[in-house]
Amino acid sequence: MKVLVIGKGGREHALVWKLGQSPRVKAVFCAPGNAGTGQDGVNVPIEPNDFPALIRFAKKEQIGLTVVGPEDPLAAGIVDAFQREGLKVFGPTKDAAQLEGSKVFAKQLMRHADVPTAEFRIFDHPDPARQYIQSREYVVTPDGRTLHGPFTKDQIVVENGVKQFVINPTRRVPVNLSERLVVKADGLAAGKGVVVCSTVEQALQAVERIMVQEEFGRSAGRQIVIERRLEGQELSILALVAGRTIVPLQPTQDHKAVFDGDQGPNTGGMGAYCPAPLGTPELLAKIDETILVSTVHALKRRRKPFRGVLYAGVMVTNQGPRVLEYNCRFGDPESQPLLMRLRTDLVDLLLATAEDRLDEFADKLVWDPRPAVCVVLCSGGYPGSYPKGKVISGLEEAAKLPDVKVFHAGTKLEKNVITTDGGRVLGVTALGDTLSQAKRRAYEAVEKISFPGMHYRKDIADKALGLV
Ligand code: AMP
Ligand code: GLY
């Protein structure tokens, strides 16, 4: 059989690599792919949003299964377009992909289905959103009364960075915040439409950027979700879903912030490991019952049945697991360590999902017992702007190390030289007998690789190793 993977990141390289290991597979194509998918498969220069060209290619090559990597073509209906042509495709339909494509849809579904998530409000105008944010401020006056915001400019002074409420010319009391907030653009924003805020000013600025300046486009910012900021550790729960069958994959943990110790702005993901011991059997059972089953059934009730990978980003709080977001596809970089450990034939598994036969695999997945760690190497400046075209060296030396696989993300082959072509450039992934050995091996491989401006986190998997 011939298979086609759509996309060009690290996740897609991991998919190409794993699908190519199936004895049933004759050829793996990747559209448009990167330098790594070109080594483990065959690149096809078609963009993921060019559905007519992808369909023509799939028909011409008699592709037996197309696997869609990124969210944008899913939200735009690529699965519906392939199915209309009688082509076999792995991923949710446009309707079901709304779970990721619209945060408003996802939060309303969670509310109706009683899926645990952060308390939230939805706004379609900036004024009530600002009013709501400002109403989160309050002061306790010297005579014991509580006054709630919004406060006027005349009522507030800032002294030494501390916001104070003016009682009278000589008396001030501090302004408190009843809860910290997260502001989210409704639509897809390449992972950047979520602003985790510590102050009212940050939240107001997020409303400005999303709704007024329309930084993520008019339609993505037409509505926003404002929700309560949750505290805890994050867990990525991916499950294959077809009809009412749910086959959870092993739990993984991503590292979203750009710097060690979870400092700095959020990125697409700086590294991941699998399995994440935070996902104890008890916690996973609870997530299965309160999150996965409820979500899948709620979608079915709305006549948007899900088929593909359902990915719940979960915050493990003191009160239990809470959904931060849903994705409707494999995670990146979670897929790199996850697929490195999967022993079950991925073509069989994804085909069974696409054909609604997933029940054949319930409780039957086989995993390499060894943990895997993936460290993402990034371009200088990422997640802000970054240069491209830097020559990467050391890839061959890294590849020689045992139980190491260097997955490419933003790379390009030009005149026989591999250069950088994106923010996240490589996902250096290693297996080890223990998590700490997997980590050591991954970083040994990282040491072999370099390109100008390269940066990466040094603490991937430390949370699980009890180091932080
Ligand atoms: P999302 O795209 O909704 O997953 O948000 C991206 C990231 O923002 C998450 O992985 C979290 O790190 C963070 N985040 C989102 N919602 C919240 C929340 N309610 N509380 C704390 N952090 C959040
Ligand atoms: N690693 C986060 C994501 O794939 O969205």
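Residues numbered from 1 in each chain as written. Chains lettered and ligands numbered in written order. Predicted model: local features only at pLDDT ≥ 70, side-chain atom pairs only at ≥ 80, totals over all residues. Heavy atoms only, no water.

(A) Summary view of the site of ligand 2. Taken together, Asp254, Gly268, Tyr311, Asn327, Arg329, Gly331, Asp332, Pro333 and Glu334 form the complete shell of residues around ligand 2. Of the residues assigned to the shell around ligand 2, the class counts are 2 nonpolar, 3 polar and 4 charged. (Near = heavy atom within 4 Å. Nonpolar A, V, L, I, M, F, W, Y, C, P; charged D, E, K, R; others polar.)

(B) Just the sheet that holds strand 17 (residues 245-248), in detail. Across the sheet, 4 strands lie side by side as 17-16-22-23; this open sheet has antiparallel pairing. Of all the strands in the sheet, the pair left with one neighbour each is strand 17 and strand 23 (320-327). Neighbour to neighbour, the strand axes of the sheet diverge by 35° on average, direction disregarded. (Pairing = 2+ DSSP bridges. Helix = DSSP H or I, 4+ residues; strand = E, 2+ residues; numbered from the N terminus. Axes fitted to C-alpha atoms, helices over the stretch in contact; angles between N-to-C directions.)

(C) View of the side chain of Asp332. Following the sequence through the fold, Asp332 ends up in the loop between strand 23 and helix 11 (335-341). For Asp332, a relative accessible area of 13% translates into the label buried. A polar atom in the side chain of Asp332 sits 3.2 Å from the backbone nitrogen of Arg11. Setting aside chain neighbours within four positions, we find Asp332 in contact with Gly9, Gly10, Arg11, Gly268 and Arg424. (Buried < 20%, exposed > 50% of the residue type's maximum accessible area, 1.4 Å probe, protein only. Polar contact = N/O pair within 3.5 Å; in protein donor to acceptor, adjacent residues only side chain to side chain. Contact = heavy atoms within 4.5 Å.)

(D) The arrangement of the packing of helix 6 (residues 94-101) against helix 7 (residues 103-113) in detail. Taken N-terminus to C-terminus, the directions of helix 6 and helix 7 make an angle of 95°; their axes are 6 Å apart at the nearest point. Relative to helix 7, helix 6 is oriented roughly perpendicular. Taken together, the residues of helix 7 that come into contact with helix 6 (itself represented by Gln98, Leu99 and Gly101) are Lys103, Phe105, Ala106 and Leu109. For the contact of helix 6 with helix 7, the per-class residue count stands at 4 nonpolar, 2 polar and 1 charged. (Parallel < 35°, antiparallel > 145°, perpendicular 65-115°, else oblique.)

(E) Main features of the pairing of strand 2 (residues 27-32). Of all 6 residues in strand 2, 6 are buried; the element is thus mostly enclosed. What you see with strand 2 is no split at all: Ala27, Phe29 and Ala31 on one side and Val28, Cys30 and Pro32 on the other are buried throughout. Relative to strand 2, strand 1 (residues 2-7) runs parallel, the two sharing 6 bridges. Across the sheet, Val3 pairs through a bridge with Val28, a residue of strand 2.

(F) A look at unusual backbone geometry. Residue Pro150 is reached from Gly149 by a cis peptide bond, and omega for that bond is 0°. The omega torsion across Asp332 and Pro333 is 20°, close enough to zero to call that bond cis. By the secondary structure assignment, Pro333 is in the loop between strand 23 and helix 11. Positioned with a positive phi, Asp356 is a non-glycine residue whose angle comes to about 60°. The residue Asp356 is located in the loop between helix 12 (346-354) and strand 24 (372-378) in this model. Here Asp356 falls in the partly exposed class, since its relative accessible area comes to 40%. In this structure, Ala461 takes a positive phi of about 80° despite not being glycine.

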